[in-house]
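Below, each chain spelled out in residue letters.
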Amino acid sequence: MRESHFSYDAIFYCSTRYENFEMPKHGYEQMEEGTGAIGGGYADQVPESPMSYDDYERPPLRHIDKYVRAECPCFKTIRYTVALMTCLGFIISFGMRCNMGMAKLKSEVSVFNWTVGVESAVDSSFFWGYLVTQVPGGFLASKFPANQIFGTAIACSSFLNLLVPGATMLHPGFIIIVRMLQGLVEGVTYPACHGIWRFWAPPLERSRLATMAFSGSYAGVVIGMPMSGILSGWISWQAAFYFYGVMGMIWYTAWLWLAFEKPRSHPAITIQELKYIEKSLGETNPSPSMPTISSTPWMEFLRSMPVYAIIVANFCRSWNFYLLVLYQSAYLKHSFNFRIEETGMLGALPHLIMTIIVPFGGILADRLRKSGVLSTTNVRKLFNCGGFGLEGVFFLVVAHAKTATGAITALTIGVACSGFAISGYNVNHLDIAPRYASILMGLSNGIGTIAGLICPIAIDYITRDKPKECWSTVFTIAATVHLIGITFYGIFASGELQPWAEPVVEEKKVWTPTTAGLTKETTFNDPSQEISSTTKSVSYGAVEHVAGNPFAYPSTIAEEPVQPEPRDTYLHGGVDERTY
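One structure accompanies this document, and this report is about it. Just so you know, these numbers come straight off a predicted model, no measurement behind them. Here, residues in each chain are numbered from 1, in the same order as that chain's written sequence. The predicted origin of the model limits local features to residues at a pLDDT of at least 70 and limits the giving and counting of side-chain atom pairs to 80 or more, whereas totals for whole chains, interfaces and linings rest on all residues. Side-chain numbers here rest on the full set of heavy atoms in the structure, without hydrogens or water.

1. What to know about the overall build of the chain
Just so we agree on the cut-off: Numbering goes from the N terminus for both helices and strands, where a helix is a DSSP run of H or I of at least four residues and a strand is a run of E of at least two. Note on classification: 1.4 Å probe, protein chains only; a residue is buried when its accessible area is under 20% of the maximum for its type, exposed when over 50%, partly exposed between these limits. Contacts were defined at the residue level, with two residues in contact if any of their heavy atoms lie within 4.5 Å.
Tallying secondary structure elements over the chain gives 20 helices and 4 strands in all. Here the chain holds 580 residues, and 53% of them are scored as buried. A fraction of 82% describes how many contacts in the chain between residues 6 or more apart in sequence connect residues 24 or more apart.

This is the structure in structure tokens:
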């Protein structure tokens, strides 16, 4: 045994030294070794021990990785690079949704000579497709790598965006088809995003990572409204569609380089960050079983009031969000006679403040949970009901505003306050059922998408004859919707892992023979007598009533730097003398 151990260690170390000697140092390989637990070079520059690589093997470097490290230069952790790229993907996705509204304002007389019925069909066509793929998107994110699902969806939607101007010039039916296809492919983005955080987000960083990614939805409106307005006003109404289509394809190229399904798949992640994420999640098995259609507890979903609380909150938020995305510019133009460029700039202001509030709210929510000041349930209710309540109050102010200054001020404050709600219902899936988070996100977002179908039709008919006077009714309805959401969520929401969300006993008994150090013995093939020399448990969630859960004991898992051992002091003739 000593001889075998010696040969493994010596061969491994000598081959590493030979690689370092032969390969020229360039790119990020010239970085200083051991610069920290997360930020420094590759993890093999700061090993814990020769055997520490057995359980943490990663894919070999790609050709590009030998020159440029696969991470964002402004972040020293891979998980925040993934969050930033996800945020940029949502920025492009939601920016594309602003293109049509601005194009109609620019060409509402000359080009888009549509009836109210046709206009409503065009506005809602995206959501018909978006609705269809929500729940299937959750299963796709469970069955296939969620990062690939997310990236492909944004790329396909960007390509379809390039086709919108041509389809518009042909016939309204063609644009309805193209926008419906856009909705179909984008319907998987939110479920896929939850599928990404299933493997990448440590429990006590869920709020900040998820809100950082989701803030792209609102930043997309911040950028999309003025950008679409400027491009439509200065160049032509088609320019915004082409701009976002090209930007989406460029983003997809960067996504393929930087995003991976899980930490173990990333060639550049450090050992320290990898161990921190996996230990925080309790995920020691590299290939845990994922839910299928048959294994998903559908009846438990239907009987769970916390699930309904998330669904109702998603519907209420979707109603008001799509109201602002689709009609905020029209409200400013018809009520206060702003020019199209001005509506884009002023309409983006509330979403700009919200974009700042969303990640700040995520950090604050995590701090409250980690400090123990409030339970996860109370944090979710406080942020969700507080955000919805304040937005509803300011919507009532907008409904009765007589001046442009008063309306814009109320809109800005109300929409900004609603950013806190994202740390409530939108992260709640990962609290109550992280194992089924992507499926639940697809379910709740799918039902929320119904608001995107109803809202354009309702508002088009409300404002059909009196586009200036009827906006008071529109914003009063929006405030009422939020009141309903506050009441339901405040009563039935929960932040605890639900009993039905835990894996069954058979799924916990995972045997991976290729995993180093794992042996499994049986007694006459009797499963009840199985003994594992190395415990490999799978933990899917985090709440206070589950023993050993990271949420219950936030201080037990810490991300600590590991100092390199002075291996050269043990070398003699290329052989590690410690093995003797």
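And the narrative resumes.
2. Concerning empty space enclosed by the protein
Which entries qualify depends on this criterion: Throughout, the protein atoms alone are placed on a 1 Å grid, and a set of points is a cavity if a 1.4 Å probe fits but cannot get out or a pocket if it is open with protein on both sides within 12 Å along at least five of seven lines; lining residues have an atom within 4 Å of a point. Grid points are joined across faces, edges and corners, and a volume is the space filled by probe spheres set on the points. Delimitation of the domains relies on an automatic or database domain assignment.
Within the structure shown, the criterion is met by 9 cavities of 30 Å³ or more. Of the volumes computed, that of the largest cavity is approximately 160 Å³. Lining the largest cavity are 14 residues, and of these Y190, S318, F321, Y425 and N445 lie nearest its centre. Residue assignment for the lining of the largest cavity shows that the elements contributing at least two residues are α9 (206-234), α13 (305-336) and α18 (437-462). If you tally residues by element for the lining of the largest cavity, the top one is α13, at 5 residues. For the lining of the largest cavity, the two domains that each supply at least three residues are domain 1 (77-281) and domain 2 (297-502).

3. Quick word on the pattern of salt bridges
Between side chains of opposite charge, a pair can form when the charged atoms approach closely. Which entries qualify depends on this criterion: When a carboxyl oxygen of Asp or Glu lies within 4 Å of a side-chain nitrogen of Lys or Arg, that pair is called a salt bridge.
Summed over the entire model, instances satisfying the criterion amount to 9 salt bridges. Close ionic contact of E205 with R79 constitutes a salt bridge, the shortest N to O distance being 2.9 Å. Here E205 is found in the loop between α8 (189-200) and α9, whereas its partner R79 is found in helix α2 (residues 78-97), with 126 residues between them in sequence. Here E205 and R79 have matching classes, each one buried. Across the pair R303 and E300 runs a salt bridge whose closest N-O atoms are separated by 3.0 Å. Taken together, the residues span about one helical turn, with R303 and E300 both in helix α12 (residues 298-303) at a distance of 3 residues. The exposed category is assigned to R303, whose relative accessible area is 53%. Using a relative accessible area of 28% as the deciding quantity, one classes E300 as partly exposed. What you see here is one network of salt bridges that share partners, running through R79, E205 and E273.

4. Description of the environment of A416
Relative to the elements of secondary structure, A416 occurs in helix α16 (residues 404-417). The spacing of A416 and I356 is 60 residues in sequence and 8.3 Å in space, taken between C-alpha atoms.

5. Digging into the packing of aromatic side chains
Selection rule: The pairing test for Phe, Tyr and Trp rings, Trp by its six-membered ring, is centres within 6.5 Å, and the orientation test on the planes gives stacked under 30 degrees, edge-to-face over 60, and tilted for anything in between.
Counted according to the given criterion, the structure contains 30 aromatic pairs. Between F90 and F94, the aromatic rings sit 6.3 Å apart at their centres with planes inclined by 55 degrees, giving tilted as the arrangement. On the criterion of helical spacing, the pair formed by F90 and F94 is a turn pair, its members being 4 residues apart in helix α2. Comparing F90 with F94 shows no difference in burial state: the two are buried. Ring plane angle 90 degrees and centroid distance 5.4 Å describe the contact between F243 and Y244, whose orientation is recorded as edge-to-face.

6. Side note on helix α6 (residues 146-170)
Basically, it comes down to this: One less than the residue count of a helix, multiplied by 1.5 Å, gives the span that helix is expected to have. Consider a residue and the seven residues that end there alongside the seven that start there; fitting an axis to each set, the bend is the angle between those axes.
If you check α6, its first and last C-alpha atoms are 36 Å apart, about what 25 residues at 1.5 Å a residue would give, namely 36 Å. Where α6 bends most, at L163, the angle is about 35 degrees, and the proline P165 comes one to four residues later.

7. So, the environment of Y489
Formally: Pairs of N or O atoms within 3.5 Å make up the polar contacts considered here, provided that, within protein, one atom can donate a hydrogen while the other can accept it, and that residues adjacent in sequence are counted only when both atoms are side-chain atoms.
Summarising the element assignment, Y489 is placed in helix α19 (residues 471-492). Residue Y489 is classed as buried on the basis of its relative accessible area of 0%. Separated by 104 residues in sequence, Y489 and C385 place their C-alpha atoms 7.3 Å apart. Polar side-chain contacts of Y489 include one of 2.9 Å to the side chain of N428.

8. Digging into the nonpolar core
Heads up, the condition is: Within this scheme, the nonpolar core is defined by two criteria: the residues are buried Ala, Val, Leu, Ile, Met, Phe, Trp, Tyr or Cys, and they are joined through side-chain atoms within 4.5 Å.
With 100 residues, the main nonpolar core has W197, W200, Y331 and F475 as its most contacted residues. Here this core takes 15 residues from α13, the largest share from any one element. Each of domain 1 (77-281) and domain 2 (297-502) accounts for three or more of the residues forming this core. For W200, the contacting residues outside a window of four places in its chain are I78, R79, V82, L209, F260, E261, K262, P263, H266, I269 and I277. F301, V307, A433 and I439 belong to the second largest nonpolar core, which has 13 residues in total.

9. Observations regarding a nonpolar patch on the surface
Defined as follows: To count toward a patch, a residue needs a relative accessible area over 30% and no salt bridge; like charges are then connected within 9 Å, while nonpolar side chains (Val, Leu, Ile, Met, Phe, Trp, Tyr) are connected within 5 Å. Residue exposure ignores everything except the shown protein chains as possible cover, and the areas themselves are Shrake-Rupley values with a 1.4 Å probe.
Taken together, the side chains of M299, L302, M305, Y308, I491 and F492 present a nonpolar region at the surface, about 550 Å² in accessible area. With respect to the element layout, Y308 can be found in helix α13.

10. Quick look at α16
Taking 1.5 Å per residue, 14 residues should reach 20 Å; α16 reaches 20 Å between its end C-alpha atoms and fits that length. Listed in full, the buried residues belonging to α16 are A407, I408, A410, L411, T412, G414, V415, A416 and C417.

11. Things to note about the state of the cysteines
As a reminder of what qualifies: By convention in this document, the label disulfide applies to cysteine sulfur atom pairs within 2.5 Å.
Overall, the coordinates contain 0 disulfides when judged by the stated rule. Sulfur of C87: no disulfide; nearest cysteine sulfur belongs to C193 and is 9.9 Å away. Residue C87 is classed as buried on the basis of its relative accessible area of 11%.

12. Concerning unusual backbone geometry
Excluding glycine, residues mostly carry a negative phi; peptide bonds, for their part, are mostly trans. Even without glycine at this site, N337 takes up a positive phi of about 60 degrees. As for its position among the elements, N337 is in the loop between α13 and α14 (340-371).

13. A few points about the side chain of N384
Looking at where N384 falls in the secondary structure, it is placed in helix α15 (residues 376-399). If we ignore the near neighbours within four places in the chain, the residues touching N384 are A313, A421, G424, Y425 and Y489.

14. So, the packing of α13 against α19
Applied cut-off: Axis definition: a line fitted to C-alpha atoms, limited for helices to the stretch in contact. Angles are taken between N-to-C directions and run from 0 to 180 degrees. We call two directions roughly parallel when the angle between them is under 35 degrees, roughly antiparallel when it is over 145, roughly perpendicular when it lies between 65 and 115, and oblique otherwise. Each crossing gets its hand from how the near helix is turned against the far one by less than a right angle, where anticlockwise is left-handed and clockwise is right-handed. Under this grouping Gly is polar, as are all residues other than the nonpolar Ala, Val, Leu, Ile, Met, Phe, Trp, Tyr, Cys and Pro and the charged Asp, Glu, Lys and Arg.
Packing of α13 against α19 brings their axes to within 9 Å, and their N-to-C directions diverge by 160 degrees. Taken as axis vectors, α13 and α19 run roughly antiparallel relative to one another. Where α13 crosses over α19, the handedness of that crossing is left-handed. Taken together, the residues of the contact of α13 with α19 sort by class into 23 nonpolar, 5 polar and 1 charged.

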